[in-house]
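Chain and residue survey
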Amino acid sequence: MSSDALKKVMRREPVATNQLVELLASNNPEVKILTADYVAHMHSISGREDLSLLVTNLLSRDCHDPNPAVAASAVSALAVLQTAQEEALAAILYSLDSQHTKVRQCAASASLSYSETHPDSVISSGLSDRLYSSLRDPDPLVVARSLVALDHILTSEGGVVINRSIAHYLLYQRLKDFKGASLKTVLDFLKKYSPKDDKERFEMLNPLDECFQTEYPPVLVAAVNLFAHWTAPYPHLKAELVRVIQPAFCKVFLKCTSSETNEMLTKFFKSLGTCTRDIFNPHYKCFFLHPNDPNHLKKSKLEILGLVALPSNVLEFVSNVYPFCSDFNSYADAIKCLGVLGQLCELSRDHVLSLLPELLESPSSDIIAAALDCLLTIVSCNVLFSAEHRNKSTASVLSKLAYSSQPEPQPRQTHQNIQPKDLSLSINLKDSISRALSRPSILEGHACLVLHVVSTLATVFDDCSISCLETLLAEQHHLSSTAQCLLLTTVVRVFLCRPAQCYLMLVQVMRAGVMSQSDEVKNKALLLYAMLKLGPSVARQMLCGSLDKQADNDD
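What you see is a predicted model, and the numbers here were worked out from it, not measured in a lab.

Once that is clear, we can look at the overall build of the protein chain. In terms of helices and strands, the protein chain carries 31 helices and zero strands. When each of the 555 residues of the protein chain is scored for burial, the buried share is 51%. Sequence-distant contacts in the protein chain: of pairs separated by 6 or more residues, those separated by 24 or more amount to 68%. By element, 52% of the accessible surface of the protein chain is carried by carbon and sulfur atoms, the whole surface being about 26000 Å².

Spelled out as structure tokens, the structure:
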């Protein structure tokens, strides 16, 4: 019978309570450990009170077992039993003083489980005082787990308190003992301490030097965040720090094997600010795409490439990215990256625009949509490095950007009320745009995108597909309220540029808008009508962002 019951325990299948008691009473340590783990698992998912009442005494006895693995599994199981509050607390306090490291580690983790199982009584239990003592445990894992448990127990009081004594002890005496996840935990909690003056502040930064050379990504991120937190009054130090961590970042970034870690490092890289261009650009080939790169690494590289490119080598970036614009797994991120690179300078903008016709002629509607979105990104933003920067050094330009109150241009948020910046589109690109906008699959699946393109290019592209507007107008009642509002705005913008061609279309769309059952659409139509009543020049300024030379004639 015990053999069958043990097999069920290993498979996490239901087992009779009397059989569990028999297994826990076994003299076989492995059976005890497996059964204790099973009890904790089953109680956590089912809350069987009869289970806990019968096994509490056996688990309490096993907490004193000379085998550390048995004692550790017993205290872990007791901590999750609802009806074993007193026994669990006694077992945890006893186990925190064990001579066996594994038992103390599990007791520290059990403290967290106990606080989740008995949240109303854990603060008055005295457990937090005992865990503060465990912060000086010789085992680093016990210290890290005690910090986590304390922070959870004291949540209502603001979490664990890191005073000067604890901070100095962890930083100066114990930091080298911690590795991997436990080191990351300690660094995170050290942010709870604020140095009292600059002398202490800069002295406390010295022990972090080794963390900046780590090959464990979470530690690198935690160390940089701690440095940034402690040096918040001196933001200029951030660039020096980025220079220090550059070799370690490149190394750990390329070694990442999980998408979660790549995503974390990419987000971290973006948080470093504009100084990354100057510091990481000399090492830009570390971030170039390779056909054999895992998809998650390609995605991260494509996000970072736009943040390290400079006008002096941006064409190399474009040449590296462009072949992946037709790759099934990475086309969206690659084309988006082209849009970011196209915002860098006039040279990169013109070069990316010259590549778009081929993408707009793709048989894939998804690639065409991504290319149209890339086009909007480029034409809707000023370039980062304009002509005025041509005769300035890279360092001086970057310095200006770093301390500017204006952020770097970001991908578009909306294309209403945006005037394309000093744009001249080639005939080839115009033809490709027209054909792309006329595709049934684009009109049907990406109506808002089509309207954004027509609206944005209305003032510079005379032939920007009035036919596609007529097609969408015929299907107006099937569009969403958002799309109908955008259709209204787009038709008015095009009308202000070419009134003779669009007058009848304007009348039709305004009439449909005013009679719409949607308050959002009706209000939009009335607002646009009110703008038009102010006169073409005023309406053009409000909707197109600038006055045409012919505005007065239109009046």
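Counting residues in hydrophobic clusters, the biggest one holds 171 residues, and the most contacted among them are Leu-59, Leu-187 and Phe-249. The residues contacting Leu-59, other than those within four sequence positions of it, are Leu-24, Ala-36, Val-39, Ala-74, Ala-77, Leu-78 and Leu-81. Val-15, Leu-23, Val-31 and Tyr-38 belong to the second largest nonpolar core, which has nine residues in total.

Bringing the packing of aromatic side chains into the picture now. Counted by the stated rule, this structure contains 13 aromatic pairs. Chaining the aromatic ring pairs together yields one cluster made of Phe-249, Phe-253, Phe-268, Phe-269, Phe-280 and Phe-287. Sitting over the face of the ring of Tyr-169, Arg-136 holds its NZ or CZ atom 4.3 Å from the ring centroid.

A maximum bend of about 30° is found in helix H28 (residues 499-514) at Met-505. Burial in H28 covers these residues: Cys-502, Met-505, Leu-506, Val-509, Met-510, Ala-512 and Gly-513.

This brings us to helix H25 (residues 447-456). Buried residues dominate H25, accounting for nine of its 10 residues. Taken together, the buried residues of H25 touch helix H21 (365-379), helix H23 (427-438), helix H24 (440-445), helix H26 (466-474) and helix H27 (481-497).

What follows concerns the packing of H28 against helix H29 (residues 519-533). Remark: H28 packs on H29, axes separated minimally by 7 Å, with the N-to-C direction vectors making an angle of 135°. Here H28 lies oblique to H29, going by the angle between them. For the pair H28 and H29, the sense of crossing is left-handed. Contact residues: Leu-506, Met-510, Gly-513 and Val-514 in H28; Val-521, Lys-522, Ala-525, Leu-526, Leu-528, Tyr-529 and Leu-532 in H29. The residue inventory of the contact of H28 with H29, partitioned by class, reads nine nonpolar, one polar and one charged.

Using the criterion set out here, one finds zero disulfides in the structure. With no disulfide of its own, Cys-337 lies closest to Cys-325 among cysteine sulfurs, the gap being 8.2 Å. Judged by relative accessible area, which is 2%, Cys-337 ranks as buried.

The next subject is unusual backbone geometry. Unlike most non-glycine residues, Arg-12 shows phi in positive territory, near 60°. We classify Arg-12 as partly exposed; its relative accessible area is 38%.

Quick look at the pattern of salt bridges now. Under the counting rule described, the total for this entry stands at 17 salt bridges. Salt-bridge contacts for Asp-97 lead to Arg-130; the nearest nitrogen and oxygen are separated by 2.5 Å. Of this pair, Asp-97 sits in the loop between helix H6 (85-95) and helix H7 (101-117) while Arg-130 is found in helix H8 (residues 127-134), placing the two residues 33 residues apart along the sequence. What emerges from the salt-bridge pattern is a single network uniting Lys-32, Arg-61 and Asp-62.

So, on to the environment of Met-515. With respect to the helices, strands and loops of the structure, Met-515 is situated in the loop between H28 and H29. Its relative accessible area of 60% is what places Met-515 among the exposed residues. Expressed as a C-alpha distance, the spacing of Met-515 and Ala-525, which sit 10 residues apart in the sequence, is 9.3 Å.

Looking now at the side chain of His-168. Its location among the elements puts His-168 in helix H10 (residues 164-174). In this structure, His-168 is in contact with Gln-173, Tyr-193, Glu-200 and Met-204, ignoring residues within four places of it in sequence.

The subject of this paragraph is the packing of helix H19 (residues 331-342) against helix H20 (residues 346-360). In a pair of packed helices, the angle between the axes and the distance between the axes together describe the arrangement. Between H19 and H20, the least distance of the axes is 8 Å, while the angle of their chain directions is 150°. As far as their axial angle goes, H20 and H19 are roughly antiparallel. Across from Ile-335, Leu-338, Leu-341 and Gly-342 in H19, the residues of H20 making contact are Ser-348, Arg-349, Val-352 and Leu-359. When its residues are assigned to classes, the contact of H19 with H20 shows five nonpolar, two polar and one charged.

Rules behind the numbers
- Each residue is numbered by its place in its chain's sequence as written, counting from 1.
- Totals for whole chains, interfaces and linings use every residue, but because this is a predicted model, local features are given only for residues with pLDDT of at least 70 and side-chain atom pairs only at 80 or more, for both listing and counting.
- Side-chain figures throughout are based on the complete set of non-hydrogen atoms in the structure, without hydrogens or water.
- Labels follow the DSSP assignment, with helices taken as runs of H or I lasting at least four residues and strands as runs of E lasting at least two, numbered in each case from the N terminus.
- Only protein chains enter the accessibility calculation, which uses a 1.4 Å probe; a residue whose area is less than 20% of its type maximum is buried, one above 50% is exposed, and one in between is partly exposed.
- Throughout, a contact is declared for two residues whenever any of their heavy atoms are within 4.5 Å.
- For accessible areas, the Shrake-Rupley method is used with a probe of radius 1.4 Å. Any residue's cover is judged against the shown protein chains and nothing else.
- Among buried residues, those of type Ala, Val, Leu, Ile, Met, Phe, Trp, Tyr and Cys that are joined through side-chain atoms within 4.5 Å constitute a nonpolar core.
- Planes of paired rings set the category: under 30 degrees apart is stacked, over 60 is edge-to-face and the rest tilted, where pairs are Phe, Tyr or Trp rings (Trp by its six-membered ring) whose centres lie within 6.5 Å.
- Here, a charge over a ring means that NZ of Lys or CZ of Arg falls within 6 Å of the ring centre while also lying within 35 degrees of the ring normal.
- Two axes enter the definition of the bend at a residue: one is fitted to the seven residues ending there, the other to the seven starting there, and the bend is the angle between them.
- Angles here are taken between N-to-C directions and fall from 0 to 180 degrees, while the axes themselves are lines fitted to C-alpha atoms, restricted in helices to the stretch in contact.
- In this scheme, roughly parallel covers angles under 35 degrees and roughly antiparallel covers those over 145, while 65 to 115 is roughly perpendicular and the rest are oblique.
- Crossings are sorted by hand: turned counterclockwise from the far helix by less than a right angle, the near helix makes the crossing left-handed, and turned clockwise it makes it right-handed.
- Gly is placed with the polar residues, together with every amino acid not listed as nonpolar (Ala, Val, Leu, Ile, Met, Phe, Trp, Tyr, Cys and Pro) or charged (Asp, Glu, Lys and Arg).
- Two cysteine sulfur atoms make up a disulfide if the distance between them is within 2.5 Å.
- By definition, a salt bridge exists where a carboxyl oxygen of Asp or Glu is found within 4 Å of a side-chain nitrogen of Lys or Arg.

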